[in-house]
Amino acid sequence: MKALVLSGGRGTRLRPITHTSAKQLVPVANKPILFYAIEAIRDAGITDIGIVVGDTQAEIRRACGNGDDWGCKITYLPQEAPLGLAHAVKISEEFMAGEPFVMYLGDNLVKDGIAGLVDEYRAGGYNAQILLAHVPRPKDFGVAELDAATGRVIRLEEKPAEPKTDLALVGVYMFDRNIFEAVNAIKPSARGELEITDAIQYLIDHDYNVHSHVIDGWWKDTGRLEDMLEANRIVLDGLLRKIDGEVDAASSIHGKVRIGKGSRVVNSVIRGPAIIGDNCVIENAYVGPFTSIYYNCVVRGSEIEHSIVLEVVR
Ligand code: DAU
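Residues numbered from 1 in each chain as written. Predicted model: local features only at pLDDT ≥ 70, side-chain atom pairs only at ≥ 80, totals over all residues. Heavy atoms only, no water.

## A short note on the pattern of salt bridges
One side chain can pair with another of opposite charge once the charged atoms of both are near each other.
Alright, step 1. Tallying each qualifying case throughout the model produces 19 salt bridges.
Alright, step 2. Here D244 makes a salt bridge to K242, at a shortest N to O gap of 2.9 Å. (Salt bridge = Lys/Arg side-chain N within 4 Å of Asp/Glu carboxyl O.)

## Observations regarding the packing of aromatic side chains
Aromatic ring pairs: the centre-centre distance and the angle between the two ring planes describe each pair.
Alright, step 1. A full pass over the atoms with the stated rule returns 6 aromatic pairs.
Alright, step 2. Ring centres of Y294 and Y295 lie 4.8 Å apart, and the angle between their planes is 85°; this geometry places the pair in the edge-to-face category.
Alright, step 3. Overall, the relative accessible area of 30% leaves Y295 in the partly exposed class.
Alright, step 4. The side chain of R233 reaches across the aromatic face of F290, ending 5.6 Å from its centre. (Phe/Tyr/Trp six-rings, centres within 6.5 Å; stacked < 30°, edge-to-face > 60°. Buried < 20%, exposed > 50% of the residue type's maximum accessible area, 1.4 Å probe, protein only. Lys NZ or Arg CZ within 6 Å of the ring centre and 35° of its normal.)

## Quick look at the side chain of S268
Alright, step 1. Within the fold, S268 resides in the loop between β18 (264-266) and β19 (269-271).
Alright, step 2. The exposure class of S268 is buried, given its relative accessible area of 2%. (Helix = DSSP H or I, 4+ residues; strand = E, 2+ residues; numbered from the N terminus.)

## Topic: helix α5 (residues 115-124)
Because each turn of an α-helix spans 3.6 residues, side chains separated by three or four positions end up pointing in the same direction.
Alright, step 1. Every buried residue belonging to α5 is among L117, V118 and Y121, and all of these are buried. Viewed end-on, α5 has its buried residues packed into an arc of 100°, placing them on one side of the element. Across α5 from its buried face, at more than 90 degrees, point the exposed residues G116 and A123.
Alright, step 2. The elements touched by buried residues of α5 are β6 (101-105), β8 (128-134), β11 (167-175) and β12 (210-214).
Alright, step 3. Positioned one or two residues after α5, G125 has a phi angle of 65°, which is positive. (Arc of directions from axis to C-beta. Contact = heavy atoms within 4.5 Å.)

## Quick look at the domain arrangement of the chain
Alright, step 1. The assigned domain composition of the chain is domain 1 (2-235) and domain 2 (240-309).
Alright, step 2. Each of domain 1 and domain 2 was reduced to a C-alpha centroid, and the two centroids are 34 Å apart.
Alright, step 3. On the domain 2 side, the residues contacting the 7 residues of domain 1 number 12 residues.
Alright, step 4. Summing both sides of the interface, domain 1 and domain 2 together bury roughly 870 Å²; the carbon and sulfur share of this comes to 62%.
Alright, step 5. Broken down residue by residue, the surface that domain 1 buries against domain 2 is led by N30, L229 and R233, which jointly contribute 61%.
Alright, step 6. Viewed at the interface, domain 2 and domain 1 are joined by 0 salt bridges.
Alright, step 7. Taken together, the links from domain 1 to domain 2 amount to 3 residue pairs in polar contact (both at pLDDT 80 or more).
Alright, step 8. No other element matches helix α8 (residues 225-237), which puts 4 residues into the side of domain 1 that touches domain 2.
Alright, step 9. Per-class residue counts for the side of domain 1 that touches domain 2 are 4 nonpolar, 2 polar and 1 charged. (Domains from an automatic or database assignment. Buried area = accessible area lost by both parts, 1.4 Å probe. Polar contact = N/O pair within 3.5 Å; in protein donor to acceptor, adjacent residues only side chain to side chain. Nonpolar A, V, L, I, M, F, W, Y, C, P; charged D, E, K, R; others polar.)

## Here's the deal with the site of the ligand
Alright, step 1. Near the ligand, the surroundings consist of 27 residues, among which G8, Q79, E158, K159 and L169 are the closest.
Alright, step 2. Backbone polar atom of L6 to an oxygen atom of the ligand: 3.2 Å apart, as the coordinates give it.
Alright, step 3. The contact in question runs from an oxygen atom of the ligand to an N or O atom on the backbone of L83, over 3.1 Å.
Alright, step 4. Those elements that provide at least two residues to the shell around the ligand are β1 (2-7), β11 and β13 (219-221).
Alright, step 5. No other element matches β11, which puts 3 residues into the shell around the ligand.
Alright, step 6. Split by residue class, the shell around the ligand holds 10 nonpolar, 10 polar and 7 charged. (Near = heavy atom within 4 Å.)

## As for empty space enclosed by the protein
Alright, step 1. According to the stated counting rule, one finds 1 cavity of 30 Å³ or more in the structure shown.
Alright, step 2. For the largest cavity, the calculated volume is near 50 Å³.
Alright, step 3. Lining the largest cavity we find V143, A144, E145, R155, L156, E157, P163, K164 and T165.
Alright, step 4. Here the lining of the largest cavity is composed, by residue class, of 4 nonpolar, 1 polar and 4 charged. (1 Å grid on protein atoms, 1.4 Å probe; cavity = no way out; pocket = protein on both sides within 12 Å on 5 of 7 lines; lining within 4 Å. Points joined across faces, edges and corners; volume = space filled by probe spheres on them.)

## A short note on the nonpolar core
Alright, step 1. In this structure, I49, I51, I60, C64, Y104, I114 and W219 are the most contacted members of the largest nonpolar core, which totals 40 residues.
Alright, step 2. For this core, the element with the highest residue contribution is helix α1 (residues 33-43), accounting for 6 residues.
Alright, step 3. Once residues within four sequence positions are removed from consideration, C64 is found in contact with L34, F35, I38, I51, W70, I74 and Y76.
Alright, step 4. Listed in part, the 36 residues of the second largest apolar core include V153, L156, L169 and A182. (Core = buried A, V, L, I, M, F, W, Y, C linked by side-chain atoms within 4.5 Å.)

## Thoughts on the pairing of β1
Alright, step 1. The buried fraction of β1 is high, at 6 of 6 residues.
Alright, step 2. Residues K2, L4 and L6 of β1 are buried on one face, and the alternating residues A3, V5 and S7, pointing to the opposite face, are buried as well.
Alright, step 3. When β1 meets β6, the two strands line up parallel, connected through 5 bridges. Residue pairing across strands places K2 opposite F101, the latter belonging to β6.
Alright, step 4. Pairing of β1 with strand β4 (residues 48-53), which is carried by 5 bridges, proceeds in the parallel orientation. Counterpart to S7 in the pairing with β4 is V53. (Pairing = 2+ DSSP bridges.)

In structure tokens:
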């Protein structure tokens, strides 16, 4: 089995923070979101990964390299423009070489990983498996309608104005080779994209076996700023305390706090959950709960909480 990670697109919804960099590389609890996806795939026993890249490919390649850091082999699949999730599948056909694969949207975070779900897909012999989750704002997602009697998926709609259910499609999908028949048959949607929801609908309409699984652990699409902060909050909450940097006698550290090597905390208060990367200086400052401060940052004479602070890119 292989994996396809989608890291193309333009990230316009996260401007200005991702104006010059890939939204998939924004750190959540000081780790780029994309790395959580790669780890989840590796932990499911899949090591052959294709990453779809677009305008921001130089940064993605620099961050992920050839996959050695994870014991994986990464192949980059350039997409000429963000023409849709099904278009990204289309350009991966040669890379997949007939094998089934997991498709993972590079801006999604799934708390419990995907190992159990991949096992379920393998054991079930399905043509496709989709993950669903109950959400408060279904109109922001692909939405599934299930048959009341059998529980099988009967209809998928991409960001409907009037959703028929609150069951959103999570950005992790499993497919066998038949998905290529579907992505080659469908036409672009009204917004000009080849939609993966239309491709899966094609499979359903042509009697392929599409299995759905409603997940109960948390999942986040970090496409919008508030979702990214929410993901940061949830991941930080699971942190263990570890202080590697120096903390002077005038400072106090409360709760689940991580401070990286070479960092200095001077006359400051840090209240966890919070993470501070390596080589930072926190001076005459208050760092409050749910804050991630990346590597090489200086916070001086300031109060900050519930935030993600990025390294300055020169
Ligand atoms: O997060 C789950 C949702 O993801 C699903 O519920 C929707 O059905 C699905 O369409 C998708 O919606 P989004 O609007 O969140 O997709 P977005 O355009 O943000 O793209 C998701 C990821 O895929 C993102 O990392 C960028 C990448 N991408 C996107 C497109 C359109 C590509 O690599 N190539 C593309 O052509």
